[in-house]
Amino acid sequence: MYENGEAIYEVYGIGSPVPFYTKTMNHIVIGNFTIKNFEIDVGMLPNNHNALLGLDILKKHRFVIDLKK
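The numbers attached to residues start from 1 for each chain and follow its sequence in the written order. Per-residue local features are limited, in this predicted model, to residues with pLDDT of at least 70; the limit for side-chain atom pairs, both in listing and counting, is 80 or more; totals at the level of whole chains, interfaces and linings are taken over all residues. Excluding hydrogens and water, the side-chain figures rest on all heavy atoms present in the structure.

**Notes on the pattern of salt bridges**
What counts here: The term salt bridge refers to a side-chain nitrogen of Lys or Arg lying within 4 Å of a carboxyl oxygen of Asp or Glu. The secondary structure listing takes helices from DSSP runs of H or I that are at least 4 residues long and strands from runs of E that are at least 2 residues long, numbered from the N terminus. To sort residues, take the accessible area from a 1.4 Å probe on protein chains only and compare it with the maximum for the residue type: under 20% means buried, over 50% means exposed, and anything in between is partly exposed.
Per the stated rule, a full pass over the model turns up one salt bridge. Here lysine 23 makes a salt bridge to glutamate 6, at a shortest N to O gap of 2.9 Å. One end of the pair, lysine 23, is in strand 2 (residues 18–30); the other, glutamate 6, is in the segment before strand 1 (9–11), and 17 residues separate them in sequence. Its relative accessible area of 15% is what places lysine 23 among the buried residues.

Below is the structure:
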């Protein structure tokens, strides 16, 4: 949740700019893998999206994506 006084940034892509802010997460669990103390960017996503997992996390922790499964 946004807290008063946090910096707000803008990301640009297809369409208009989208505001976001950065938060530090205690941890995230993906399957049986836990990542602790990392920063995420929080912004507005379309209604059918819960979150986006970026390549920065996938590459750093050497995830393999098997699209057949």
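Now that the structure is up, let's keep going.
**Side note on the pairing of strand 3 (residues 33–43)**
As a reminder, the rule being used: For two strands to be treated as a pair, DSSP must find no fewer than two bridges joining them.
With 10 bridges connecting them, strand 2 and strand 3 associate as antiparallel partners. Across the sheet, residue lysine 23 finds its bridge partner in strand 3, namely isoleucine 40. Where strand 2 hands over to strand 3, the hairpin turn is made up of two residues, of which glycine 31 adopts a positive phi near 65°.

**Regarding the packing of aromatic side chains**
Between two aromatic rings, the relevant description is the distance of the centres plus the angle of the planes. As a reminder of what qualifies: For this analysis, a ring pair means two rings from Phe, Tyr or Trp (six-membered ring only for Trp) whose centres lie within 6.5 Å, classed as stacked if their planes differ by under 30 degrees, edge-to-face if by over 60, and tilted for the remaining angles.
Counted according to the given criterion, the structure contains two aromatic pairs. Ring centres of phenylalanine 33 and phenylalanine 63 lie 5.3 Å apart, and the angle between their planes is 85°; this geometry places the pair in the edge-to-face category. Pair noted here: phenylalanine 33 is in strand 3 and phenylalanine 63 is in the segment after helix 1 (55–60), with a separation of 30 residues, a long-range link. Of the residues examined, phenylalanine 33 reaches a relative accessible area of 30% and is grouped as partly exposed. Classification of phenylalanine 63 as partly exposed rests on a relative accessible area of 27%.

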